[in-house]
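Spelled out from the first residue to the last, the chains are:
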Amino acid sequence: MPLRPQRPCRAQGCRSLHRNSNGYCDGHAEVAVEQAKAWATRKGSGRGGRPWRRLRDRVMKRDQYLCRCDECIRLDRIREAHEVDHIVALALGGTDEPANLRAINRDCHKEKTQRESKSIKK
Ligand SMILES: [Zn+2]
Ligand SMILES: [Zn+2]
């Protein structure tokens, strides 16, 4: 299995290299979580705001209103998208950048959320 390229940690002054999707080395994993939390509170609930809606439209258009979830990509399945999903969850240090967003079908999203909550419990 090819490994992802190592990236420098995003924490200030830290030069550690890592392969974490949250952008921080293992030693700074907590910083990543704190940052995500700070971001969420700074933006308030945010989700219903206009900038988010604009971003959402942009992502939907980019993905041609089709679901881009892992399953659909893997199976070459075509499903209509209803929502925009964070590839890396905000709680894990993901951002609202278009690169971290994809259009997703409502049912796919539900399945994904269920899978995620199961894997957390385990
Ligand atoms: Zn670090
Ligand atoms: Zn899908």
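Scroll up to find the structure this text is about.
Values in this document were obtained by computation on a predicted structure and should not be read as measured data.

About the criteria used
- Residues numbered from 1 in each chain as written.
- Chains lettered and ligands numbered in written order.
- Predicted model: local features only at pLDDT ≥ 70, side-chain atom pairs only at ≥ 80, totals over all residues.
- Heavy atoms only, no water.
- Helix = DSSP H or I, 4+ residues; strand = E, 2+ residues; numbered from the N terminus.
- Buried < 20%, exposed > 50% of the residue type's maximum accessible area, 1.4 Å probe, protein only.
- Contact = heavy atoms within 4.5 Å.
- Donors = N, O, S within 2.8 Å, 3.2 Å for Na, K, Ca; no water.
- Tetrahedral: all angles 85-135°; square planar, octahedral: opposite > 155°, others 65-115°.
- Expected span 1.5 Å × (residues − 1).

S.K.: Please set out the environment of Arg-56 residue by residue, giving values where relevant.
M.R.: For Arg-56, the position within the fold is in helix α2 (residues 50–62). Of the residues examined, Arg-56 reaches a relative accessible area of 24% and is grouped as partly exposed. Excluding residues within four positions of it along the chain, Arg-56 makes contact with His-82, Glu-83 and Val-84.

S.K.: Which residues make up the coordination of the zinc ion (ligand 1), and what values do they have?
M.R.: Note on metal sites: the ideal angle is 109.5 degrees for four tetrahedral donors, and 90 or 180 degrees for six octahedral donors. Around the zinc ion (ligand 1), the donor atoms from the protein are Cys-9 (SG), Cys-14 (SG), Cys-25 (SG) and His-28 (ND1), and they sit 1.9 to 2.4 Å away. Bound by four donor atoms, the zinc ion (ligand 1) shows angles of 101 to 114° at the metal and therefore tetrahedral coordination geometry. Within one chain, the residues donating to the zinc ion (ligand 1) are spaced in sequence as C-x4-C-x10-C-x2-H. Neither Cys-9 nor Cys-14 differs from the other in exposure class; each is buried.

S.K.: Help me get a handle on α2, residues and values and all.
M.R.: Relative to the 18 Å expected for 13 residues at 1.5 Å per residue, α2 spans 18 Å between its end C-alpha atoms, a close match to the ideal helical length. Next to the buried residues of α2 lie β3 (83–86) and β4 (101–104).

S.K.: Give a description of the coordination of the zinc ion (ligand 2) that names residues and reports values.
M.R.: Protein coordination at the zinc ion (ligand 2): the donors are Cys-67 (SG), Cys-69 (SG), Cys-72 (SG) and Cys-108 (SG), at 2.2 to 2.4 Å from the metal. One can describe the site at the zinc ion (ligand 2) as tetrahedral: its four donor atoms subtend angles covering 106 to 114° at the metal. Linear spacing of the donor residues for the zinc ion (ligand 2) on their chain is C-x1-C-x2-C-x35-C. We classify Cys-67 as buried; its relative accessible area is 4%. When its relative accessible area of 7% is taken as the criterion, Cys-69 is described as buried.

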